Amino acid sequence: MDSARKVTPLDQWDDFVNSENNRPAGTVCETWLPAWLPVATNHGGGNLFVDLRGGPKNGCVMEFYRAGDALAQWKDVAEMLDDIADRLEEDEAEIDDLGRIDWP
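Residues numbered from 1 in each chain as written. Predicted model: local features only at pLDDT ≥ 70, side-chain atom pairs only at ≥ 80, totals over all residues. Heavy atoms only, no water.

A separate point is the pairing of strand 1 (residues 36-41). The side chains of a regular strand alternate, residue by residue, between the two faces of the sheet. Alignment of strand 1 against strand 2 (residues 46-51), held across 5 bridges, turns out to be antiparallel. By the bridge assignment, Trp 36 is partnered in strand 2 with Asp 51. Counted along the chain from strand 1 to the antiparallel partner strand 2, the turn is 4 residues long, and its residue His 43 has a positive phi close to 60°. (Pairing = 2+ DSSP bridges. Helix = DSSP H or I, 4+ residues; strand = E, 2+ residues; numbered from the N terminus.)

Looking now at the environment of Glu 92. Take Glu 92: it is sitting in the loop between helix 3 (77-89) and strand 5 (94-95). Using a relative accessible area of 44% as the deciding quantity, one classes Glu 92 as partly exposed. Separated by 11 residues in the primary sequence, Glu 92 and Trp 103 have C-alpha atoms spaced 6.3 Å apart. (Buried < 20%, exposed > 50% of the residue type's maximum accessible area, 1.4 Å probe, protein only.)

The next thing to look at is a negative patch on the surface. A surface patch of like charges, here negative, comprises Glu 79, Asp 82, Asp 86, Glu 89, Glu 90, Asp 91, Glu 92, Glu 94 and Asp 102. Per-element tally for the negative patch: the top contributor is helix 3, with 4 residues. With respect to the helices, strands and loops of the structure, Asp 86 is situated in helix 3. In this structure Asp 86 comes out as partly exposed when scored by relative accessible area, which is 39%. (Patch = residues over 30% accessible without salt bridge, like charges linked within 9 Å, V, L, I, M, F, W, Y side chains within 5 Å. Areas by Shrake-Rupley, 256 points an atom, 1.4 Å probe, with all protein chains shown as cover. Salt bridge = Lys/Arg side-chain N within 4 Å of Asp/Glu carboxyl O. Lys, Arg positive; Asp, Glu negative; His and termini not counted. Charge placed at Lys NZ, Arg CZ, Asp CG, Glu CD.)

This part takes up the packing of aromatic side chains. Applying the stated criterion across every chain yields a total of 5 aromatic pairs. On the basis of an interplanar angle of 90° and a centroid distance of 5.4 Å, the ring pair of Trp 32 and Trp 36 is categorised as edge-to-face. Summarising the burial analysis for this pair, Trp 32 and Trp 36 share the class buried. Arranged with centres 4.1 Å apart and planes meeting at 20°, the rings of Trp 36 and Phe 49 form a pair that is stacked. You can see Trp 36 sitting in strand 1 and its partner Phe 49 sitting in strand 2, a full 13 residues away along the chain. A relative accessible area of 3% places Trp 36 in the buried class. By relative accessible area, Phe 49 is classed as buried at 0%. The rings of Trp 32, Trp 36, Phe 49 and Phe 64 are connected pair by pair, giving a single aromatic cluster. (Phe/Tyr/Trp six-rings, centres within 6.5 Å; stacked < 30°, edge-to-face > 60°.)

Set out below in structure tokens:
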């Protein structure tokens, strides 16, 4: 949040964040929000997070890139893990020597 605050040219930062935190889960936002719980990173500016905002998509897993886009990927963590397991079984993903999962 501190990094986002420094690079986001908004005079009304707190009002903006509060407004975005009150939007429904799964709604795209261009900066990191306190209502997002990070669960994974690609160590290159991309993160997966659980969107803890309210609404029907509460708990969805989204993808955030430092460039500023957050896109909904899975309805919840269970669906994300099932998808990863399926990709591993179908050789559409692999685990490297450090235990990281990689897929196109």
